[in-house]
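This is what each chain is made of:
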Amino acid sequence: MSAPIFDFNAARSSIVDEVVNRICAQTKDPLHTLNEAAYLETRRLQHDGGAEHTEWRQLAAQLGRLTDHELRERLRGYAQRYAWDVAGNFDRRVYKFASRAMAPLLGALLSPRSTIRHIHESLDLTALDSRIVVQGPREHIRKLTEIGTVVYVPTHLSNLDSVVFGFALERAGLPPAVYGAGKNLFTNPVLSYFMHNLGAYRVDRRLRHALYKDVLKTYSAVLIERGYHSLFFPGGTRSRSGGVERKLKLGLAGTGLEAFVRTTVRGRTQKVFFVPATINYLLTLEAETLIDDFLQEEGKARYLIEDDESTRIGRVAAFSQKLLGLDGACVIRFSRPLDCFGNFVDDEGISHDERGREVDATSYIVGRDGKPAVDHTRDVEYTRELGERVVDAFRKDTVVMATHIVAACAFARLRRAVGEADLFSVLRHRDDVTVRRAELAEDVDAMLDKLNSLEERGEIVVAPTVKGKRGEEVLSDALRAFAGYHSQPVLSPRGSELVLRDTRLLFYYQNRLAAHGLAFDALAPKGSPSRSVTRPPMPAVSSVERGVAAAGASSVAPPASDGAGDAARLAIPPSPETSAASATAQSSSLPIVSS
């Protein structure tokens, strides 16, 4: 298999240099940029009292007295420090070993009893094909990897996602991709060794200032420009609710468009293709921690989960033991590839609008003079529209499994039984509501009919393990899965009835169907419809006018005020007014692969 990533180490220094040079060139006001970094870092480290805190305090005190040349030298120094800290690594030998070791590792996690019984077969990647199913236009995507750079944008449920998705790429015959991983994950020596040598770049989620975010985004753009296939999770973090993402953080998605624009302006267009994908589990390793976080922080700012099931060796061991009697199920489903503007692309990488008409993708980025041009404001709008198409793909390619179906039916019964509209009032009813098993099976039957109808219209995908089954059989599959995994029972048999035990987890698993109108929906983003709205076609002939209209509809914040020097000397919060580059950098939150 040949891909640019195999020669990454030889190019790493030049990649870092390009990132640093670009940061220095695009930063219009180094005083403001450094002041913001000094203020936020001083505040973050205020209880630390170490050398790093002292360094930032000293910088804050010095900024107002530095010349422009000195400011730019400081800027270059910090940009270089961050770029080297972010930069990944790739070792062919580690990749080859990991490819062989992936089968028994995932086999032990997803179906340990089968792995133990068939240890020799488990050393072959094909041994997992019945447990981790890969669906979608694989041959189409393979062709696109030879034409341009592919950016994978999957849903995100678990810290297992990057490992499972790497397996899916291997089984689909697709080249490996670079990806961002939270720096906290590198503290595990074993995990860190593999991530460090398999293209992962470090993302320090504690750093909130624009300079660091600019370095991350520029690093991503440079990699894509150079043809390194990339992976990031546009949801920004694992789905706390278990639902399919309907609101994305598109900071890194914008780097794909930026790479396309920059290479086109330079006269050597690097085509960039986006491949949405859904990662679908019968059970989720961290479900209990994630849903607790969602419920506790609903309506508040999210915080970083640093200690959950995926980080505790004992919990992972218990997880494996509890799965001894369970045939695990995971489906990775690739969606139809898109260009940077949300148009579908064919095997030759040619874009087509929603009416099937061929579109010249470069026509979207021409300026008033008829030539390709960089326009950050215009491209923010294009990236937003791409995000809408990705969300639509997530919904249509969600693979529904037995646990989702049964949880949706059971939670609906729970809500009817307690007669409460408020979510938290419903969730308080644990162990005190029962439903007759036969009646729940009838509900599942009715749900299956709805799902089959939706699948025929291309609005959802029914898992292979569910196809052809009726209510009682699907109910039995879900009960076996629930009983073999979670620390607390989800549904407990009592004679001919089932006791609704862990209502949090019923809510978590039913949320997978909320975006489709098949389950209680407490997840729709405020002020937005619960389902994606498909945008009208955008003919190539109107691309120039559309770019101008997009520029007119948005505004870029003006440069910092003349009082920035005083702010620097005092290290007070920087003005919300920023340079055009900083405004663009902060126009959308930066997604992170795992948290």
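Further up the page is the structure itself.
In what follows, the accompanying structure is described. The structure presented is a predicted model; accordingly, all values stated were derived computationally and were not measured.

1. Remarks on the overall build of the protein
Line of reasoning, step 1. Counting its secondary structure elements, the protein contains 23 helices and 15 strands.
Line of reasoning, step 2. Residue burial in the protein is summarised as follows: out of 595 residues, 56% are buried.
Line of reasoning, step 3. Pairs at least 24 residues apart make up 78% of the contacts formed inside the protein by residues separated by at least 6 positions.

2. As for the nonpolar core
Line of reasoning, step 1. Counting residues in each nonpolar core, the largest one holds 94 residues, and the members touching the most others are Tyr152, Phe334, Leu451 and Phe507.
Line of reasoning, step 2. A total of ten residues in this core trace back to one element, the largest contributor, which is helix H16 (residues 402–418).
Line of reasoning, step 3. Among the nonpolar cores identified, the runner-up in size contains 72 residues, and Phe6, Leu31, Tyr219 and Tyr228 belong to it.

3. Some remarks on the environment of Tyr485
Line of reasoning, step 1. By the secondary structure assignment, Tyr485 is in the loop between helix H19 (471–483) and strand S14 (491–494).
Line of reasoning, step 2. A sequence separation of 202 residues divides Tyr485 from Leu283, and the C-alpha atoms of the two residues are 7.9 Å apart.

4. Considerations on the pattern of salt bridges
Line of reasoning, step 1. Throughout the structure, instances matching the rule amount to 37 salt bridges.
Line of reasoning, step 2. Across the pair Asp204 and Arg206 runs a salt bridge, and its minimum N-O distance is 2.8 Å.
Line of reasoning, step 3. Asp204 gets classed as buried once you look at its relative accessible area, which sits at 6%.
Line of reasoning, step 4. For Arg262, the salt bridge goes to Glu258, with nearest N and O atoms at 2.8 Å. Here Arg262 pairs with Glu258, and both are found in helix H12 (residues 253–265), just four residues apart, close to one helical turn.
Line of reasoning, step 5. The network of salt bridges with common partners includes Glu18, Arg22, Glu225, Arg226 and Arg266.

5. Here's the deal with the sheet that holds strand S1 (residues 132–135)
Line of reasoning, step 1. What the seven strands build is an open sheet, ordered S1-S7-S6-S2-S5-S3-S4; its pairing is mixed. Every interior strand has two partners, whereas the edge strands, S1 and strand S4 (200–203), have only one.
Line of reasoning, step 2. As paired strands, strand S3 (residues 178–182) and S4 are joined by four bridges and run parallel to one another. Bridging across to S4, Tyr179 finds its partner in Ala200.
Line of reasoning, step 3. Relative to strand S7 (residues 330–334), helix H9 (residues 161–171) is tilted by about 60 degrees, and along the sheet it contacts S1, strand S2 (149–154), S3, strand S5 (230–231), strand S6 (272–281) and S7.

6. As for the sheet that holds strand S10 (residues 358–359)
Line of reasoning, step 1. In spatial order, the strands read S8-S9-S10; together these three strands make up an open sheet with antiparallel pairing. In this open sheet, the two strands that pair with only one neighbour each are strand S8 (344–345) and S10.
Line of reasoning, step 2. Here S8 runs beside strand S9 (residues 351–352); their pairing, made up of two bridges, is antiparallel. Opposite Phe344, over in S9, you have His352 as the bridge partner.

7. Side note on the environment of Ala417
Line of reasoning, step 1. Summarising the element assignment, Ala417 is placed in helix H16.
Line of reasoning, step 2. For Ala417 and Val433, which are 16 residues apart along the polypeptide, the C-alpha to C-alpha distance reads 7.3 Å.

8. Thoughts on the side chain of Asn511
Line of reasoning, step 1. Within the element layout of this structure, Asn511 appears in the loop between helix H20 (503–510) and helix H21 (543–553).
Line of reasoning, step 2. Residue Asn511 is classed as buried on the basis of its relative accessible area of 1%.
Line of reasoning, step 3. Separated by 2.9 Å, the side chain of Asn511 and the backbone oxygen of Ser241 make a polar contact.
Line of reasoning, step 4. Setting aside anything within four residues of it in sequence, one finds Asn511 in contact with Ser241, Gly242, Gly243, Val244, Phe520 and Leu523.

9. A word on the packing of aromatic side chains
Line of reasoning, step 1. A full pass over the atoms with the stated rule returns 17 aromatic pairs.
Line of reasoning, step 2. Ring geometry for Phe341 versus Tyr382: centroids 5.1 Å apart, planes at 85 degrees, classification edge-to-face. Of this pair, Phe341 sits in the loop between S7 and S8 while Tyr382 sits in helix H15 (residues 376–396), placing them 41 residues apart in sequence.
Line of reasoning, step 3. The buried category is assigned to Tyr382, whose relative accessible area is 1%.
Line of reasoning, step 4. With centroids separated by 5.6 Å and ring planes inclined at 40 degrees, the aromatic side chains of Phe411 and Phe507 adopt a geometry described as tilted. With Phe411 in helix H16 and Phe507 in helix H20, this residue pair connects regions lying 96 residues apart in the sequence. With respect to burial, Phe411 and Phe507 carry one shared label: buried.
Line of reasoning, step 5. Within the aromatic cluster, the residues linked to one another by ring pairs are Phe260, Phe341, Tyr364 and Tyr382.
Line of reasoning, step 6. Its end group placed over the ring of Phe344, Arg336 keeps NZ or CZ at 3.7 Å from the ring centre.

10. Some points on the pairing of S14
Line of reasoning, step 1. Two strands pair when backbone bridges link them, and S14 and strand S15 (residues 497–500) are joined in this way by four bridges, in the antiparallel orientation. Residue pairing for S15: Pro493 is matched across the bridge by Leu498.

11. A few points about the packing of helix H1 (residues 8–26) against helix H4 (residues 68–86)
Helix-helix packing is characterised by the crossing angle of the two axes and by the distance between the axes.
Line of reasoning, step 1. Taken N-terminus to C-terminus, the directions of H1 and H4 make an angle of 140 degrees; their axes are 9 Å apart at the nearest point. Viewed along their axes, H1 and H4 adopt a mutual orientation that is oblique. Considering the relative orientation of H1 and H4, their crossing is right-handed. On H4, the residues that touch Arg12, Ser13, Val16, Val19, Val20, Asn21, Ile23 and Cys24 of H1 are Arg72, Leu75, Arg76, Ala79, Gln80, Ala83 and Trp84.
Line of reasoning, step 2. Residue composition of the contact of H1 with H4, by class: nine nonpolar, three polar and three charged.

12. Here we look at the packing of H4 against helix H11 (residues 210–225)
Line of reasoning, step 1. The interhelical angle for the contact between H4 and H11, taken along N-to-C directions, is 55 degrees, at an axis separation of 10 Å. In terms of orientation, H4 and H11 fall into the oblique class. Along this stretch, H4 crosses H11, giving a crossing that reads as right-handed. Here Leu75, Tyr78, Ala79, Tyr82, Ala83 and Val86 of H4 come into contact with H11, specifically with Leu211, Tyr212, Val215, Leu216 and Tyr219.

Reading the values: rules and limits
- Residues numbered from 1 in each chain as written.
- Predicted model: local features only at pLDDT ≥ 70, side-chain atom pairs only at ≥ 80, totals over all residues.
- Heavy atoms only, no water.
- Helix = DSSP H or I, 4+ residues; strand = E, 2+ residues; numbered from the N terminus.
- Buried < 20%, exposed > 50% of the residue type's maximum accessible area, 1.4 Å probe, protein only.
- Contact = heavy atoms within 4.5 Å.
- Core = buried A, V, L, I, M, F, W, Y, C linked by side-chain atoms within 4.5 Å.
- Salt bridge = Lys/Arg side-chain N within 4 Å of Asp/Glu carboxyl O.
- Pairing = 2+ DSSP bridges.
- Axes fitted to C-alpha atoms, helices over the stretch in contact; angles between N-to-C directions.
- Polar contact = N/O pair within 3.5 Å; in protein donor to acceptor, adjacent residues only side chain to side chain.
- Phe/Tyr/Trp six-rings, centres within 6.5 Å; stacked < 30°, edge-to-face > 60°.
- Lys NZ or Arg CZ within 6 Å of the ring centre and 35° of its normal.
- Parallel < 35°, antiparallel > 145°, perpendicular 65-115°, else oblique.
- Left-handed = near helix turned anticlockwise from the far one by under 90°.
- Nonpolar A, V, L, I, M, F, W, Y, C, P; charged D, E, K, R; others polar.

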